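Read off the chains here:
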Amino acid sequence: MSNNMFYTGLSGLNAAQAALVTTGHNTANVNTPGYSRQSAQVASAGGSYSAGVGFFGNGAKVVDISRSYDQYLSSQLNQAQSSNQALSTYYTQISQIDNLLANQKAGLAPQLQTLFTHVQALANTPADPSARQQLISSGQALANQFRTMDSYLSSLNASVNDQVAGHVEQINAYAEQIASLNKQVAMLSNGTGGQAPNDLLDQRDQLVNELGKLVGTKLVVQDGQYNVFIGNGQTLVLGDRATRLAAVSSAIDPGRTTLAMVNAAGNAVELQEDVMSGGSLGGLLQFRNETLATTQNSLGRMAIALSDAFNAQQSLGVDLNGALGEDFFSQAVPGVMSNARNTGSLNLTASFSDIGQLTTSDYRLDVKADLSFSVTRLSDNKVFSAADLAASVPPNTFDGVTLAFAGAAGAGDSFLIQPTRTGARDLAVTLTDPAKVAAASPIITGNTAGNQGSGAISAGSVDAAYPATPLGATVTLTYNSATNELSGFPDGSTVIYTAGASMSFDGITVSISGAPSNGDTFTIGKNTGGVSDGSNALLLGALQNRKTMGNGTATFNDAYGQLVSAVGNKARQVQIAHTAQTSLTTQIRAVQQSVSGVNQDEETANLLMFQQMYQANAKVIQTASTMFDAVLGIR
């Protein structure tokens with residue numbers, strides 16, 4: 001009996017020692033990231049039968065060292081952290097643009113106001129050389145601000161490219177480690193009869209957790225192996241094999257670094273960016289596609305609309321030399337990029353047909369199997385079919401852009417069209433001579449001295465048709481009271497006189513008011529020296545409040561205000577979502593840690609309990625030894 005007591009006590013001693021070692025392991029790893037609390041599972045060692053008496057217990061045995069782990073909670077935590085990291089990254093990036101646009105000193109609004117202030121000053125003193133120079137200088141400052149902001153956005157794009165490449169390296173490293181741990185876990189589990197290598201499992205879970213912070217993942221557990229998928233089902237880890245990702249230049253937009261998956265043949269196959277959500281990588285891609293590109297396009301559209309309107313009005317005035325105005329600003333042209341995988345020889349070019357219809361979106365032209373074309377507006381995926389393009393005026397026109405085709409397309413070819421992307425980058429003041437600022441009107445009107453009636457001719461105006469057929473000789477209109485007609489128009493026609501009615505010819509519009517007498521004449525001549533004439537400068541100033549953008553719905557300031565508001569609202573929206581997601585993640589982590597985390601107070605109590613268990617079983621062994629010695633001492 002004492003022998004049985006000895007082994008019973010020894011089994012308890014071993015069980016207590018295992019529990020103490022496990023508790024000590026927990027305590028040592030209380031701050032280890034990803035560690036799950038372990039516990040020794042103690043069971044009865046059974047009993048031995050004694051005839052006529054029954055079964056005597058044989059003590060205890062340790063059957064397993066288990067870890068406190070909940071797959072569902074861990075999966076929830078990984079998803080929450082992935083979403084939180086995406087929002088955090090998005091907010092960090094968009095905040096930079098928000099601060100840039102909303103800056104009261106570095107933004108575009110002050111520079112726009114200064115430009116039109118100097119336009120008004122020129123209208124007041126058109127002969128003042130300093131007023132002309134100030135206008136040119138303010139135009140240069142505005143153009144420089146456009147280019148500076150575009151350069152900042154381009155640097156953000158370059159930064160995103162670098163971060164994408166860095167993330168790909170980290171993802172590959174994590175995938176390799178997870179695959180390696182899958183192999184080790186399988187080998188150790190098989191070699192120990194199915195016993196789980198808890199610490200390796202924790203390491204693997206922690207790697208999956210860290211991977212989820214980089215990119216959204218889907219985890220499938222199969223026979224103890226972790227299979228990890230990204231995007232819309234692309235395999236990243238399958239058992240002990242990891243698929244390598246690559247950071248490559250986009251085939252359709254070389255200015256973007258995008259993701260590709262390297263297949264078995266070693267070829268990099270691009271992945272769709274819109275399905276790569278979650279993690280800091282998903283946040284970067286979402287920021288680039290939703291905010292960065294749109295902001296750059298918006299600034300470009302403003303620059304293009306400004307240069308177009310300013311140049312158009314400048315061309316309708318005359319400078320100090322009496323010549324029609326030259327372009328004040330340079331203007332970008334729509335960008336077209338051919339997909340690197342295209343097989344045809346099509347050369348696609350684009351031009352502006354109506355600046356006022358331009359949007360802030362990019363477009364993709366696709367060549368179908370029957371070689372017909374369709375254009376997709378990428379901001380909302382609206383499709384302009386081949387029939388829509390053919391029926392447009394002029395043909396192949398959409399949203400203020402007209403396409404021209406040369407060469408043969410191949411089925412499946414595609415082109416990226418960026419109408420406004422380089423608008424801000426390419427804006428510059430091309431007019432540097434102050435004398436060439438066209439502040440004056442190209443025509444001058446007058447009432448002939450000696451007129452008897454009260455008729456008076458207006459100052460007149462010109463439109464876009466005037467530069468093609470500028471006035472050569474002075475036109476004299478004569479009133480005939482018998483027929484109530486005005487004659488003398490260049491084409492020999494006559495016009496029934498109506499007081500205040502507009503009369504137009506060769507791009508010129510005038511009106512006569514009052515009651516002219518028979519034979520009264522009115523002249524329309526070429527303004528050869530409009531030194532003191534600031535009428536065209538007044539029209540340039542009026543552009544500030546003219547709704548020239550968004551199909552006649554927005555001025556330059558309106559468009560900029562809409563951009564600032566859109567970016568600011570998006571930044572606020574992402575910030576609120578990030579705050580809410582952070583709170584949710586914290587709650588899920590607390591629940592998960594309540595199951596898997598190490599509680600130091602609990603472990604301290606366990607140490608005392610297992611210490612007493614150890615001491616008690618040692619006492620059993622001591623008692624058995626004493627009894628055995630007593631038996632040996634019987635004479």
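Above this text you will find the structure in question.
The residue numbering used here restarts from 1 in each chain and proceeds along that chain's sequence as written. The model is predicted, so local features are restricted to residues of pLDDT at least 70 and side-chain atom pairs to those at 80 or more, both for listing and for counting; the totals for chains, interfaces and linings are taken over all residues. Hydrogens are left out, water is left out, and the side-chain values use all remaining heavy atoms of the structure.

A. Fine view of the overall build of the protein. Under the scheme used here, helices are H or I runs from DSSP no shorter than 4 residues and strands are E runs no shorter than 2 residues, and both carry numbers assigned from the N terminus. Helix and strand content of the protein: 10 helices and 28 strands. The atom set for the radius of gyration is the C-alpha atoms, and the globule formula is 2.2 Å times the number of residues raised to the power 0.38. In summary, the protein has a C-alpha radius of gyration of 41 Å against a globular reference of 26 Å for 635 residues, an excess of more than 25%. Each of the three principal axes of the protein carries a C-alpha extent, and together these read 165 × 50 × 40 Å. Counting across all 635 residues of the protein, residues that qualify as buried make up 43%. Across the protein, the fraction of contacts at a sequence separation of at least 24, relative to all contacts at a separation of at least 6, is 68%. Carbon and sulfur atoms make up 53% of the accessible area of the protein, which totals about 29,300 Å². Here Asp and Glu are counted as negative and Lys and Arg as positive; His is not counted, and neither are the chain ends. Taken as the charge centre is NZ of Lys, CZ of Arg, CG of Asp or CD of Glu, depending on the residue. One way to put it: in the protein the 31 positive side-chain charges average out to a point 10 Å from where the 44 negative ones average out. The rule is simple: take the accessible area with a 1.4 Å probe, protein chains only, and divide by the maximum for that residue type; under 20% is buried, over 50% is exposed, in between is partly exposed. Working rule for contacts: check all heavy atoms of both residues, and any pair within 4.5 Å makes them a contact. Reported accessibility uses the Shrake-Rupley method at a 1.4 Å probe radius. Residues are deemed covered only where the shown protein chains occlude them.

B. Broad picture of the sheet that holds strand E14 (residues 363-367). What the 5 strands build is an open sheet, ordered E12-E19-E14-E15-E16; its pairing is antiparallel. Edge positions in the sheet fall to strand E12 (335-338) and strand E16 (382-384), since each of these pairs with one other strand and no more. Strand-to-strand twist across the sheet, computed as the mean angle between neighbouring axes with direction ignored, equals 25°. Sheet topology places E12 next to strand E19 (residues 414-418); 4 bridges connect them, and they run antiparallel. Note on E19: the bridge partner recorded for Ser-338 is Phe-415. Two strands are said to pair when DSSP picks up at least two bridges between them. Fitted lines through C-alpha atoms give the axes, limited to the stretch in contact for helices. The angle between two N-to-C directions lies from 0 to 180 degrees.

C. Structural view of the pattern of salt bridges. Salt bridge, as used here: a side-chain nitrogen of Lys or Arg that lies within 4 Å of a carboxyl oxygen of Asp or Glu. Tallied over the full model, the rule gives 15 salt bridges. The partner of Glu-273 in a salt bridge is Arg-256, and the shortest N-O contact between them spans 4.0 Å. One end of the pair, Glu-273, is in the loop between strand E11 (268-270) and helix H6 (279-314); the other, Arg-256, is in the loop between strand E9 (245-249) and strand E10 (257-262), and 17 residues separate them in sequence. There is no split in this pair, since Glu-273 and Arg-256 are both buried. When the shortest N-O distance is used, the salt bridge between Asp-366 and Arg-364 registers 3.0 Å. A residue is classified by how much of its surface remains accessible, and Arg-364, at 29% relative accessible area, is partly exposed. Bridged by salt links that share partners, the residues Asp-253, Arg-256, Glu-273 and Arg-288 form one connected network.

D. Quick peek at the side chain of Gln-145. Here Gln-145 is to be found in helix H4 (residues 129-191). Ignoring sequence-local partners within four residues, the contact set of Gln-145 consists of Ala-106, Gly-107, Leu-108 and Gln-111.

E. Structural detail: unusual backbone geometry. Omega for the peptide link from Val-393 to Pro-394 comes to -10°, which places this bond in the cis form. Positive phi outside glycine occurs at Asp-399, with the angle close to 45°. The phi dihedral of Asn-551 falls on the positive side, at around 60°, and the residue is not glycine. Along the chain, Asn-551 falls in the loop between helix H8 (535-542) and helix H9 (556-596). By relative accessible area, Asn-551 is classed as exposed at 56%.

F. Summary view of the environment of Thr-257. Relative to the helices and strands, Thr-257 resides in strand E10. Between the C-alpha atom of Thr-257 and that of Leu-285, which follows or precedes it by 28 residues, the distance is 9.9 Å. Those residues in contact with Thr-257 that sit more than four places away from it in its chain are Asn-161, Val-164, Ala-247, Val-248, Glu-273 and Arg-288.

G. Region of interest: the nonpolar core. Here, the term nonpolar core denotes a set of buried Ala, Val, Leu, Ile, Met, Phe, Trp, Tyr and Cys residues that are joined through side-chain atoms within 4.5 Å. Counting 100 residues, the largest nonpolar core has Phe-146, Leu-236, Leu-306, Phe-310, Phe-398, Leu-403 and Phe-556 as its most contacted members. Broken down by element, the residue count for this core peaks at 19 residues, all from H4. If sequence neighbours within four positions are ignored, Leu-403 has contacts with Leu-348, Thr-349, Ala-350, Leu-365, Val-375, Asn-396, Phe-398 and Ile-417. Within the second largest apolar cluster, 19 residues are counted, among which are Val-462, Leu-477, Tyr-479 and Phe-505.

H. Local environment of the packing of helix H2 (residues 71-102) against H6. Contact geometry of H2 with H6 gives a least axis separation of 7 Å together with a crossing angle of 30°. As far as their axial angle goes, H6 and H2 are roughly parallel. Note that H2 runs across H6; the crossing there is right-handed. Between H2, through Ser-82, Gln-85, Ala-86, Thr-89, Tyr-90, Gln-93, Ile-94, Ile-97 and Leu-101, and H6, the contact on the second element is made entirely by Gly-279, Ser-280, Gly-283, Leu-284, Gln-286, Phe-287, Glu-290, Thr-291, Leu-292 and Thr-295. Just so you know how the angles are binned, under 35 degrees is roughly parallel, over 145 roughly antiparallel, 65 to 115 roughly perpendicular, and the rest oblique. The handedness criterion is simple: a crossing whose near helix is rotated anticlockwise from the far helix by less than a right angle is left-handed, and one whose near helix is rotated clockwise is right-handed.

I. Spatial organisation of the pairing of strand E27 (residues 508-513). Pairing geometry for strand E21 (residues 456-457) and E27, over 2 bridges, is antiparallel. Counted as the bridge partner of Ile-457 is Ile-512 from E27. The pairing of strand E22 (residues 461-462) with E27 spans 2 bridges and is classified as antiparallel. Each bridged residue has a counterpart across the sheet, and for Ser-461 the counterpart in E27 is Thr-509. The pairing of strand E26 (residues 502-505) with E27 spans 4 bridges and is classified as antiparallel. Bridged to Phe-505 within E27 is Ile-508.

J. Quick peek at empty space enclosed by the protein. The rule is simple: put a 1 Å grid over the protein atoms alone, call a set of points where a 1.4 Å probe fits but cannot get out a cavity, call an open set with protein on both sides within 12 Å along at least five of seven lines a pocket, and count a residue as lining if it has an atom within 4 Å of a point. Grid points are joined across faces, edges and corners, and a volume is the space filled by probe spheres set on the points. If you walk through the whole model with that rule in mind, you get 1 cavity of 30 Å³ or more. Around the largest cavity, the lining residues are Val-495, Ile-496, Tyr-497, Thr-498, Ala-501, Met-503 and Ile-512. Of the residues in the lining of the largest cavity, the class split is 6 nonpolar, 1 polar and no charged. Ten residues, namely Ala, Val, Leu, Ile, Met, Phe, Trp, Tyr, Cys and Pro, are considered nonpolar, four, namely Asp, Glu, Lys and Arg, are considered charged, and the remaining ones, Gly among them, are considered polar.

K. Representation of the environment of Glu-326 in the model. For Glu-326, the location among the structural elements is in the loop between H6 and E12. Under the relative-accessibility criterion, Glu-326 is labelled partly exposed at 40%. C-alpha separation for the pair Glu-326 and Val-63, spaced 263 residues apart in sequence, amounts to 92 Å. Sequence-distant contacts of Glu-326, defined by excluding residues within four places in its chain, comprise Gln-314, Leu-431 and Lys-436.

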